[in-house]
Amino acid sequence: MLSQVISATLEGVSGLIVEVEVDIAPGLPSFATVGLPEGAVRESKDRVKAAIKNCGYDFPARKITVNLAPADVRKAGTGYDLPIAIGILSATGVLKGTKHKEYLLIGELSLDGRLRPVPGVLPIAITASKSAITGIIVPAENAQEAAIVEGLDVIAVNTLFEVVEFLEGLKVIEPVVSSFLHDRPASCQYDIDLSEVKGQSQAKRALEIAAAGGHNLLFEGPPGSGKTMIARRLPTILPDLSLEEAIETTSVYSVAGLTDKYQGIIRQRPFRAPHHTISDAGLIGGGQVPRPGEVSLAHNGVLFLDELAEYRKNVLEGLRQPLEDGMVTISRASSSLTFPAEIILVAAVNPCPCGYHGDPAHNCTCSAVQVLKYKSRISGPLVDRIDMYVEVSAVPFSDLTSQTSGESSKVIKERVVAARKIQQKRFQRHKHVYCNSQMGSKAIAKFCALDSTCQQLIENAVNRLGLSARAYNRIQKIARTIADLDNEEDIKSSHVAEAIQYRRLDRSA
């Protein structure tokens, strides 16, 4: 007897429909799984057998063959347990009718028949919604995540027995409704605020520009000057995630198995701050079964690298492609996967190993050779991809004890959102360009036109600082963002002059 059940697998952050074919034939009792299954998929036979028996059904003592089609794509994970079990019950006649063919099934089985959550349900649900499938049957803990996708019936179940009763029409289970789509907050709330930062007006100005244009940012200064404190407050002034961005971000977290079973969707822009001992696979992504790294988990948000010079050089060099292209491509012998990585990179670095080079209040204990060697850990090509460089000095005692507070994140966010709206209108006919930092050469030539005074300013900067073509383009982008914050249609010399100030790293190099 042959039965067919619909399931799915993951390819990067996209789903791929998999047809689970179960054949039960006369012969010695055996259980074979074909179709390039990985270890966890091959082990499913023991989980499925125990779950079927412990739910009160008979397990056939015959020759069972399970084929996962298409057979040339590797299958990994434990999500095939439920469709294999339903396929066996259909082939043995326990399940009558064809209702199971209307739904995509995914879920891991416990030995007692309970369903456990699996990663990657959101991208699989998106794929199901684009095909001729009525709905998707998932473990209850994955239901809120799958329910984000509109036009798809999401059936939340807790046990294999529940699934059988639902498919037999003996139990009615209402589709799950996403709480996010109906109870979405007006704005994200944060426990921290930029007004808590004392002094550092230039650093906060640079943070506002970075948020408005999506620019990468590097803070350099002595320990305790507030570099990390300022960087952690960047998400508080960024525009709220749109529904499209929220789904993209949640898809990455879903594949990594990091979604909240109660919340279902990512509501705040991610802020990822990996330790400097991280490996290249941990930062960029990889593994035997490729998984998204920190740079992809920060998609549509902020990646913060503290103590930048302490990271291994090969790890930092891996950032070149995602900073330039907004994506990470991981190639293996059998396949090539792409993960999204549209991020704002914020990095913090000390000026020398001891941290006090150039600090008037402390004596630096490093030699000139040590300082030069320390700074050379950050390569020139990577520096070129960082738009803005800001020196952060120690906060004076008078600022620390001052009772006056600076502008709140809410006030700054309003200016950032206004600037982003200008950019959205500007780039509405340009695909994959949403903010100034994403402009290509054609867009720069069109939207960053400079008058003779501005041209002369940049020419002097190029000659004095020895800027590369990439750095020259970044000055134009930053000037465009500053003009947007001032609600100016044309870039003025004051905007260019301020933008040049944020390329001081070229001068020190």
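The model shown is predicted, which means the values in this text are computed figures rather than measured ones.

Undergrad: Please explain the nonpolar core as it appears in this structure.
TA: Side chains of a nonpolar character, in soluble globular proteins, are inclined to be buried together. Residues Leu303, Leu305 and Leu319 are the most contacted members of the largest nonpolar core, which totals 59 residues. The element best represented in this core is helix α4 (residues 121-129), accounting for 5 residues. Membership of the second largest hydrophobic core comes to 52 residues, among which are Ala206, Val346, Val390 and Phe447.

Undergrad: Before we go on, may I ask you to explain the pattern of salt bridges in this structure?
TA: When the charged atoms of two side chains lie near each other, side chains of opposite charge can form a pair. With the rule as written, the count across this model stands at 18 salt bridges. The salt bridge involving Glu208 is made with Arg415; its shortest N-O contact spans 2.8 Å. Here Glu208, found in helix α8 (residues 201-213), pairs with Arg415, found in helix α18 (residues 409-426); they are 207 residues apart in sequence, far enough to count as distant. Of the residues examined, Arg415 reaches a relative accessible area of 29% and is grouped as partly exposed. Sharing partners across several salt bridges, the network here consists of Glu208, Glu407 and Arg415.

Undergrad: Mind showing me how you'd approach the environment of Arg320 here?
TA: Here Arg320 shows up in helix α14 (residues 320-325). Taking the relative accessible area as the measure of exposure, Arg320 reaches 30% and is therefore partly exposed. Taking the C-alpha atoms as reference points, Arg320 and Met229, 91 residues apart in sequence, are found 26 Å from one another. Excluding residues within four positions of it along the chain, Arg320 makes contact with Ser379, Pro381 and Arg385. Within the structure, the side chain of Arg320 is placed 2.4 Å from the side chain of Glu317, a separation counted as a polar contact.

Undergrad: Just checking my understanding: could you explain the packing of aromatic side chains for this structure?
TA: Aromatic ring pairs are described here by two measures, namely the spacing of the ring centres and the angle between the planes. Within the structure shown, the criterion is met by 5 aromatic pairs. Centroid distance Tyr57 to Phe161: 6.4 Å. Interplanar angle 25 degrees. Geometry classified as stacked. Separated by 104 residues along the polypeptide, Tyr57 in the loop between α2 (44-54) and β4 (63-69) and Phe161 in helix α6 (residues 160-168) bring together distant segments of the chain. Their ring planes at 85 degrees and their centres at 5.5 Å tell us that Phe427 and Phe447 sit as a pair that is edge-to-face.

Undergrad: How do you make sense of the pairing of strand β16 (residues 336-340) when you look at a structure like this?
TA: Each regular strand displays side chains that alternate between the two surfaces of the sheet. Here β16 shows a clear split, with Leu337 and Phe339 buried on one side and none of Ser336, Thr338 and Pro340 buried on the other. Sheet topology note: the strand β15 (residues 327-331)/β16 ladder contains 5 bridges and is antiparallel. Bridge pairing in β16 places Val328 opposite Phe339.

Undergrad: When you look at helix α3 (residues 81-91) in this model, what are you seeing that I'm missing?
TA: One turn of the α-helix equals 3.6 residues, which is why residues spaced by three or four share an orientation. Most of α3 sits inside the fold, with 11 of its 11 residues counted as buried. Among the residues of α3, those classed as buried are Asp81, Leu82, Pro83, Ile84, Ala85, Ile86, Gly87, Ile88, Leu89, Ser90 and Ala91. Looking one or two residues past α3, Gly93 carries a phi angle of roughly 90 degrees, positive in sign.

Analysis parameters
Residues numbered from 1 in each chain as written. Predicted model: local features only at pLDDT ≥ 70, side-chain atom pairs only at ≥ 80, totals over all residues. Heavy atoms only, no water. Core = buried A, V, L, I, M, F, W, Y, C linked by side-chain atoms within 4.5 Å. Buried < 20%, exposed > 50% of the residue type's maximum accessible area, 1.4 Å probe, protein only. Helix = DSSP H or I, 4+ residues; strand = E, 2+ residues; numbered from the N terminus. Salt bridge = Lys/Arg side-chain N within 4 Å of Asp/Glu carboxyl O. Contact = heavy atoms within 4.5 Å. Polar contact = N/O pair within 3.5 Å; in protein donor to acceptor, adjacent residues only side chain to side chain. Phe/Tyr/Trp six-rings, centres within 6.5 Å; stacked < 30°, edge-to-face > 60°. Pairing = 2+ DSSP bridges.

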